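The lines below spell out each chain.
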Amino acid sequence: MKDRGPLKEIVVLSGKGGTGKTSITAALATLLGNSVVVDCDVDAANLHLLFSPEVQETNVFVSGHKAVIDSAVCNQCGRCLAHCRFDAIHLVDGQPVIKETSCDGCQLCARVCPEGAISLIPADKSRWYKSTFRYGHFIHARLQPGEENSGRLVRVIREAATSSAIDQQIGILLLDGPPGTGCPVISSITGANIALVVTEASKSGLHDLKRILSLVAIYKLRTFVVINKYDLNQAVCQEMDTFCEHSNVPVIGRIPFDPTFVTAMIHCQSLIEWAPASPSAHVIREAFQELVEQCQLNVTQYR
Amino acid sequence: MIIAIASGKGGTGKTLVSTNLFQVSLDDRVDVVLVDCDAEEPNDAVFLPGEPKGMQTVTQQMPVIDKAVCTYCGRCHDWCSYNAIFFLREPRRIDVLEDLCHDCGACLAACKVGAITEKTVPIGTLSMRYINKRPALIEGRTLVGTASPVKIIKQAISEAGKHDLVILDAPPGISCPFIATVEPADYVVLVTEPTPFGLNDLALSIETLEQMGKPHGVVVNRAGLGDEALYRWLVDKGVLQLADIPFDRAIASVYAEGKLVVKVLPAYKPVFQTLLDRIRAQAHPSTIA
Amino acid sequence: MKIAIPCVQPSASALVDDRFGRCAYFAFYDEETQQTTFVENPAAQSNEGAGPAAAQFVVSQGAEAVAARQLGPKVTSLLQSLSVRFIELNEADLTIDRVIGLF
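Per chain, residues are indexed from 1 in the order of the written sequence. As they are written, the chains are lettered A onward and the ligands numbered 1 onward, keeping that order. This being a predicted model, a pLDDT of at least 70 is required before a residue's local features are given, and a value of 80 or more before pairs of side-chain atoms are given or counted; all residues contribute to the totals for chains, interfaces and linings. By convention in this description, side-chain values take in all heavy atoms of the structure and omit both hydrogens and water.

## Regarding the environment of Glu90(B)
- Relative to the helices and strands, Glu90(B) is located in the loop between β4 (85-88) and β5 (93-96).
- Along the sequence, Glu90(B) and Val264(B) sit 174 residues apart, while their C-alpha atoms lie 70 Å from each other. Runs of H or I in DSSP of at least four residues are treated as helices and runs of E of at least two as strands, each being numbered from the N terminus.

The following block contains the structure:
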C-alpha cells in the first residue's frame, strides 16, 4: 500500500488581477522542480502560455443546463416569463425566447409550462486537461466564454490534481488561484494548507490585499505575502508591511518593478529560467526558501 | 449611452481607463456616471474624491419553511435544481441549505400548502458618491464570501439610470459577472497589454463579445512593453484599435498613489480625450458623417 | 447497522472513492445480514451541493453510518444532526472488502 504522506497544497492568490500572481506561480513551479501545478484561473488561464504543456487527456465539463423553448409547442401563455427571476425570458414578436447568457438553469420555467414546451440541455462546451510539462504535471481548463460554475470547474480540476499527485507520489500541489474573492476563489482555497498572497504596492493593491486576507482568515490557512512592484510607491509598501504585521501575516518578499517578467513571458519561460541571476529572481528564491522552511515542505529537487 | 470598460485578464488597466475617461468626460461637462461593477474588488472610489453618501443593501430572497404546515411531500426538494433543500421523509427532516440557494423561487412555486415564505438576506451593498452634488460614482460591493455578484452588478447599473454617458467598469474574466456588465452596454472597450497573457485573454473576451453581437474596440495599455504579436493579431482580426497608452513608469506610479493620470500628468490628457471622442463616434456611428 | 461506503466501482474488490458527494457508487453493507449492495450515486453529477444530496440519499437508503476518507463541513454537520456515525478511513487505497472486514 502506498503511503501518500500529507499532501501540501499551496494556493497563490492576489485579490486583484495583474499583480504578477501567475508569473510568481511559474517561478515557484520552476523552483519546486517536481510538483503538480493547477491553473485555477479557469476564466482567463495563462500559465499554459509559460509551460507549453503536452496535453495527455482532454475532458468535457458540463457547466450546467440551459432552457430552450420549442416555439412549435409553446402556446405563448407567458407563465414562464412570470416565474423567471433571472430575467432570462423575453418576448420576441410575442414568442417567449430564452436568453442563454442569463439563464441560470433552475428549470422552473420547464416545470410551470402547461404545454411541456421547455426542456433543458447541458452546457458542455468547456474542457479541462491533464498535461505534462518540464517541471511535472499540469492540470488546466478552458471555461467556455459566458458559461457559469467556474467554482465547480475549479473543484473538478483540483480533485484531478490531488489524484495525480497521489498517483505520481508527489507531495506538493501548487495552485494558481483566480482573482477576486468569489466562488472560484473559495473553491481554490478549500482544502489548501498554505496561501501565498501576491499584491502590488498601489493603493488599490492595498485595498484588495485587505479583502483577500480577510477571506483566507476565515479558512485558517497559513498565509504569506509577497509585495510585487514594491518600489512603485514606498509609502503604500510601508502601509502594507504594517498591516501585515498587525494581521500576523509575514511578508516574505518585496520584488521591484521589473519588466524582465514580461520578457520572460514572451519567451515562454518563468523568470527563474529566463533571468536566474536577476534581482527579482533572487527575491523569489529567498521567499521560496522561507516557505520551504516555515511550512516544512519536503522539497527533494531543489534547484 | 452605456459604455463598458472590460478586459479578460485583471490588472491590464481597466480601472485606469474607466476613471480617467470619467474625469475627461466630467471636464468636458458631459452628464456622466461611473459604475464600478467589479463588485468583488471595487477600486474606482480610490481615484475619486468624496465619501459615500447613500448606502443601500442588496438582498436576495431566501425560502423559509414552516415545519408546522409542511406535509413533507418533497415537491420543493424535487423542484430545487441546486440541492438547496435537504429533505428526508423518514425520519422527517426538511431544511434550507442557505449557501446553496440561487433565489430562483422554484420551491415557493412547488409548495401546494403554502408552507414556504421568503425572507430577505443581504448579499452586498451599493454606495453613491457625488461630485458637485451630482451623482458621480456608484459602487457595487459583495459581502466577502458571497458566491455570485451578478445581482449586485445588475442593481448597480439600474441604479445609475439614464445619463448622456454611463461608464461601467467591468469585472475581469469572461463568465457571468462579465456578461451581466456588458449585456446592457451599447459599446464595449477592451483594455489589454501587448504581452502573451494580454493577447490570450483578449482573444477570449472578443470571442465572447462576438457571440453576443456586441460592438467593441481595443485600448492597448503599456504600449511599448512586450512585443508586436498583439498588434498583428488586431490587424488580422480586423479589430479596431481605439488608443495606445504608453508604457511609462510615471503612469504606474501615479496610479499606485490612487491619483488620476489626466490630473497629475496633463500631457496624457489628450490620449483620453481622443479615446472618448472615438468611443462616442463608434457607439453612435450614425452621428458621424 | 447499515453502513454506506463511497466506492469507484460496484464490486467488493473496488477501491474506496476519496470523494463522498461525487463518488461513483455507494456500497451499503448490512452488518446483520452481512450482505453488500451497490447503488449508483444519484448526486454524483449535481452541479452544486453534491455532498448534502449524497448524504440525503444514503440516509434515505437506511444507512446509520458512513465510512469514508473525508467529509466536507456541510455533510459532517448534516450527518451529525441525523445521528449518523462517521467512520473515518485513515488508510489510503482501501478496497470495499477490506473496509467491510473492519466491522
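## A few points about the pairing of strand β1 (residues 2-7) of chain C
Residue and element names in this part refer to chain C.
- Burial status follows relative accessibility: with a 1.4 Å probe on protein chains alone, a residue under 20% of its type maximum counts as buried, one over 50% as exposed, and anything between as partly exposed. Burial of β1 is extensive: 5 of the 6 residues sit out of reach of the surface.
- In this scheme, strands are said to pair when DSSP sees at least two bridges between them. Bridging between β1 and strand β2 (residues 25-30) involves 6 bridges; their strand directions are antiparallel. Each residue of the ladder has a partner; that of Lys2, found in β2, is Asp30.
- Looking at chain direction, β1 and strand β4 (residues 65-68) are connected through 2 bridges and run parallel. When the bridges of β4 are listed, Ile3 appears paired with Ala65.

## Examining the interface of chain A and chain B
- Counting from both sides, the interface comprises 58 residues of chain A and, opposite them, 57 residues of chain B.
- Accessible area that two parts lose when put together, evaluated with a 1.4 Å probe and summed over both, is termed the buried area. Summed over both sides, the interface between chain A and chain B buries roughly 4700 Å², with carbon and sulfur atoms accounting for 56% of that surface.
- Should a side-chain nitrogen of Lys or Arg be within 4 Å of a carboxyl oxygen of Asp or Glu, the pair is scored as a salt bridge. Applying the counting criterion to the chain A and chain B interface returns 4 salt bridges.
- With a closest N to O distance of 2.7 Å, Arg85(A) and Asp103(B) form a salt bridge. By the convention used here, residues are in contact when the closest approach between their heavy atoms is within 4.5 Å.

## Some thoughts on the environment of Lys16(A)
- Here Lys16(A) lies in the loop between β1 (8-13) and α1 (21-32).
- C-alpha separation for the pair Lys16(A) and Glu200(A), spaced 184 residues apart in sequence, amounts to 8.9 Å.
- Lys16(A) has contacts with Pro179(A), Glu200(A), Ser204(A), Gly205(A), Asp208(A), Gly11(B), Glu41(B), Asn43(B) and Tyr255(B), leaving out every residue within four places of it along the chain.

## Details of the nonpolar core
- Only buried residues count toward a nonpolar core, which is a set of Ala, Val, Leu, Ile, Met, Phe, Trp, Tyr and Cys residues joined through side-chain atoms within 4.5 Å. Of all hydrophobic cores here, the largest spans 63 residues; its most connected members are Ile118(A), Ile94(B), Phe20(C), Phe26(C), Val58(C), Val66(C) and Leu79(C).
- The element that contributes the greatest number of residues to this core is helix α1 (residues 50-60) of chain C, accounting for 6 residues.
- Leave out the neighbours within four places in its chain, and Val58(C) touches Ala4(C), Phe20(C), Phe26(C), Phe28(C), Ala63(C) and Val66(C).

## As for the domain arrangement of chain B
- Note that the domain bounds reflect an automated or database-derived domain assignment. Domain annotation for chain B reports domain 1 (2-58 + 123-284) and domain 2 (67-114).
- Using C-alpha coordinates to define each centre, domain 1 of chain B is positioned 41 Å away from domain 2 of chain B.

## Section: the domain arrangement of chain A
Residues and elements named next belong to chain A.
- Taken as a whole, chain A is organised into domain 1 (8-62 + 125-294) and domain 2 (64-123).
- Taken over C-alpha atoms, the centre of domain 1 sits 40 Å from the centre of domain 2.
- Surface buried jointly by domain 1 and domain 2 totals about 480 Å² across both partners, of which 42% is contributed by carbon and sulfur atoms.
- For the interface between domain 1 and domain 2, the tally reads 0 salt bridges.
- What qualifies as a polar contact is a pair of N or O atoms within 3.5 Å, subject to a donor-acceptor requirement within protein and to the restriction that residues adjacent in sequence count only when both atoms come from side chains. Here domain 1 and domain 2 share 1 residue pair in polar contact (both at pLDDT 80 or more) between them.

## A closer look at the confidence of the model for chain A
- The predictor attaches a confidence to each residue, and that confidence, scored 0 to 100, is pLDDT. Overall, the predicted model of chain A reaches an average pLDDT of 90, with 97% of residues at or above 70.
- Mean pLDDT across the secondary structure elements of chain A bottoms out at helix α6 (residues 183-189) of chain A, with 83, and peaks at helix α4 (residues 108-112) of chain A, with 97.

## Some details on the sheet that holds β2(C)
Residues and elements named next belong to chain C.
- Reading across the sheet, the 5 strands line up as β3-β2-β1-β4-β5 and stay open at both edges, with mixed pairing between neighbours. The outermost strands of the open sheet, each flanked by one partner alone, are β3 (35-40) and β5 (85-88). Pairwise comparison of adjacent strand axes, ignoring direction, gives a mean angle of 25 degrees for this sheet.
- Here β4 runs beside β5; their pairing, made up of 4 bridges, is parallel. In the sheet register, Ala67 faces β5, and the bridge partner there is Ile87.
- Against the sheet, α1 makes contact with β1, β2, β3 and β4, and its axis sits at roughly 30 degrees relative to β2, the strand it touches most. To get an axis, a line is fitted to the C-alpha atoms, and for a helix only the part in contact is used. The angle between two axes follows their N-to-C directions and goes from 0 to 180 degrees.

## Observations concerning a nonpolar patch on the surface
- Together, Ile218(A), Tyr219(A) and Val144(B) make up a nonpolar patch on the protein surface, roughly 240 Å² of accessible area in all.
- With respect to the helices, strands and loops of the structure, Val144(B) is situated in the loop between β7 (134-142) and α4 (150-160).
- By relative accessible area, Val144(B) is classed as partly exposed at 31%. Like-charged residues are merged into a patch within 9 Å and nonpolar side chains (Val, Leu, Ile, Met, Phe, Trp, Tyr) within 5 Å, provided each residue has over 30% relative accessible area and no salt bridge. Note on areas: Shrake-Rupley with a 1.4 Å probe; residue coverage comes only from the protein chains shown.

## With respect to helix α5 (residues 150-167) of chain A
Residues and elements named next belong to chain A.
- To estimate the expected span of a helix, subtract one from its residue number and multiply by 1.5 Å. For α5, which comprises 18 residues, the first-to-last C-alpha distance of 26 Å matches the rise-based estimate of 26 Å (1.5 Å per residue) to within 8%.
- Across the 18 residues that make up α5, a large majority, 13, are buried.
- Positive backbone phi, approximately 55 degrees, marks Gln169, located one or two places after α5.

## Some remarks on the interface of chain C and chain B
- Of the residues lining the interface, 14 residues belong to chain C; the matching set on chain B comes to 13 residues.
- Carbon and sulfur atoms supply 58% of the area that chain C and chain B bury against each other, a total of about 1100 Å² over both sides.
- The largest per-residue losses of area from chain C upon contact with chain B belong to Glu48(C), Gln56(C) and Leu82(C), which jointly make up 48% of the total buried on that side.
- For the salt bridge of Lys74(C) with Asp99(B), the shortest nitrogen-to-oxygen distance reads 3.9 Å.
- Counting every contact that joins chain C to chain B gives 7 residue pairs in polar contact (both at pLDDT 80 or more).
- Broken down by secondary-structure element, the contributors of at least two residues to the side of chain C that touches chain B are α1 and α2 (73-81) of chain C.

## Remarks on the packing of helix α7 (residues 203-218) of chain A against helix α8 (residues 234-246) of chain A
Residue and element names in this part refer to chain A.
- Following both chains from N to C, one finds α7 and α8 inclined at 15 degrees, their axes separated by 9 Å at the closest point. Classified by the angle between their axes, α7 and α8 sit roughly parallel to one another. In this structure, α7 crosses over α8, and the sense of that crossing is right-handed. Along its contact with α7, which presents Lys203, Gly205, Leu206, Leu209, Lys210 and Leu213, the element α8 presents Val236, Glu239, Met240, Phe243 and Cys244. Each angle is binned into one of four classes, with values under 35 degrees roughly parallel, values over 145 roughly antiparallel, values of 65 to 115 roughly perpendicular, and all other values oblique. Definitions for this section: a left-handed crossing has its near helix turned counterclockwise from the far helix by less than a right angle. A right-handed crossing has that turn clockwise.

## Looking at the sheet that holds strand β2 (residues 32-36) of chain B
All names here are of chain B.
- Read across the sheet, 9 strands follow the order β3-β6-β7-β2-β8-β1-β9-β10-β11 without closing on themselves; strand pairing throughout is mixed. Strands at the two margins of the open sheet, each flanked by one partner only, are β3 (55-65) and β11 (241-246). The sheet shows a mean angle of 20 degrees between the axes of neighbouring strands, direction not considered.
- Direction of pairing for strand β9 (residues 187-192) relative to strand β10 (residues 216-223): parallel, over a ladder of 5 bridges.

## Focus on unusual backbone geometry
- Following Glu90(B), the chain continues to Pro91(B) via a peptide bond in cis, the omega torsion being -5 degrees.
- Here Pro91(B) shows up in the loop between β4 and β5.
- Phi at Lys220(A) takes a positive value of approximately 55 degrees, unusual for a residue other than glycine.
- On the secondary structure map, Lys220(A) appears in the loop between α7 and β12 (222-228).
- Non-glycine residue Arg222(B) carries a positive phi angle of around 55 degrees.

## Here's the deal with the packing of aromatic side chains
- The criterion for an aromatic pair is that two Phe, Tyr or Trp rings (for Trp, the six-membered ring) have centres within 6.5 Å, with stacked assigned to planes under 30 degrees apart, edge-to-face to planes over 60 apart and tilted to the rest. Scanning the model with the defined rule gives 11 aromatic pairs over all chains in all.
- On the numbers, 6.1 Å between centres and 15 degrees between planes, the contact of Phe257(A) with Phe247(B) is stacked. Taken together, the residues span two chains, with Phe257(A) in the loop between β13 (251-254) and α9 (260-266) and Phe247(B) in the loop between β11 and α8 (249-256).
- When its relative accessible area of 18% is taken as the criterion, Phe257(A) is described as buried.
- Among the residues examined, Phe247(B) registers a relative accessible area of 30% and is labelled partly exposed.
- Between Phe28(C) and Phe57(C), the ring centres sit 6.2 Å apart and the planes meet at 70 degrees, which makes this aromatic pair edge-to-face. One end of the pair, Phe28(C), is in strand β2; the other, Phe57(C), is in helix α1, with 29 residues separating them in the sequence.
- Its relative accessible area of 14% is what places Phe57(C) among the buried residues.
- One aromatic cluster in this structure is built from Phe51(A), Phe133(A), Tyr135(A) and Phe138(A).

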